[in-house]
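Geometric and topological summary
The chain contents come next:
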Amino acid sequence: MSREKINLEDLKTAVKEAAAPADDKSSGPVEPQIDAQGRAYATGKRKNAIARVWIKPGLGKLIVNGRPGSQYFARRVLQMLIDQPFKSTSRLGQYDIWCTVVGGGLSGQAGAVRHGISKALVNFEPALRTSLKQGGFLTRDSRVVERKKYGQAKARRRFQFSKR
């Protein structure tokens, strides 16, 4: 039960050494996460749609489920939605995007692709995380359609009441 005395300087250095590795882990990935083909991958979700997105440096080509992006997302609003992460980071036309989307409608699928592109950009260039986070592109929009209840016309709409 003998205790040795530790001076204050030894204690300070021991605390610094113990805290240093923990600080590195909490700061997140500093290195880009790129596969053997030079692509970054991410999964994006919105409503019931799930998008698997791969990006690589290129001319800004978008392929969705094997079709050109302008053909798959024909409405200009949906195309603008997909371009938002690139515009906010000044990377428009610098990456080729290849993605597969399942579930939901076109609006939800476009939101899922935008979410996936944002996450893939962070995997490719970790320095872009702050600007994408401030724009709200990395947050998954968790709003989904409320289910229909039995005894009602819709989720909240009741059938018309009649006394007879």
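Residues numbered from 1 in each chain as written. Predicted model: local features only at pLDDT ≥ 70, side-chain atom pairs only at ≥ 80, totals over all residues. Heavy atoms only, no water.

With that settled, the discussion passes to the sheet that holds strand β1 (residues 40-46). Strands sit in the order β1-β2-β5-β3-β4 across an open sheet of 5 strands; the sheet is mixed. Sheet topology places β1 and β4 (67-68) at the edges, where each strand pairs with a single neighbour. Pairing of β1 with strand β2 (residues 49-57) involves 7 bridges; the strand directions are antiparallel. Its bridge partner lying in β2, Y41 is registered against W54. Against the sheet, helix α4 (residues 106-124) makes contact with β1, β2 and β5 (95-102), and its axis sits at roughly 145° relative to β1, the strand it touches most. (Pairing = 2+ DSSP bridges. Helix = DSSP H or I, 4+ residues; strand = E, 2+ residues; numbered from the N terminus. Contact = heavy atoms within 4.5 Å. Axes fitted to C-alpha atoms, helices over the stretch in contact; angles between N-to-C directions.)

Per the stated rule, a full pass over the model turns up 5 aromatic pairs. When the ring of F86 is compared with that of Y95, the centres are 6.3 Å apart and the planes differ by 25°; the resulting orientation is stacked. Taking relative accessible area as the criterion, F86 reaches 3% and is therefore assigned buried. For Y95, a relative accessible area of 5% gives the class buried. Within the aromatic cluster, the residues linked to one another by ring pairs are Y41, W54 and W98. (Phe/Tyr/Trp six-rings, centres within 6.5 Å; stacked < 30°, edge-to-face > 60°. Buried < 20%, exposed > 50% of the residue type's maximum accessible area, 1.4 Å probe, protein only.)

A separate point is the pattern of salt bridges. This structure, assessed with the given rule, holds 6 salt bridges. Salt-bridge contacts for R91 lead to E125; the nearest nitrogen and oxygen are separated by 2.8 Å. Of the two residues, R91 sits in the loop between α3 (76-88) and β5 while E125 sits in the loop between α4 and α5 (129-135), which places them 34 residues apart along the sequence. Salt-bridge contacts for R156 lead to E146; the nearest nitrogen and oxygen are separated by 2.9 Å. Placement of R156 in the segment after α5 and of E146 in the segment after α5 is noted, with a sequence separation of 10 residues between them. Judged by relative accessible area, which is 62%, R156 ranks as exposed. (Salt bridge = Lys/Arg side-chain N within 4 Å of Asp/Glu carboxyl O.)

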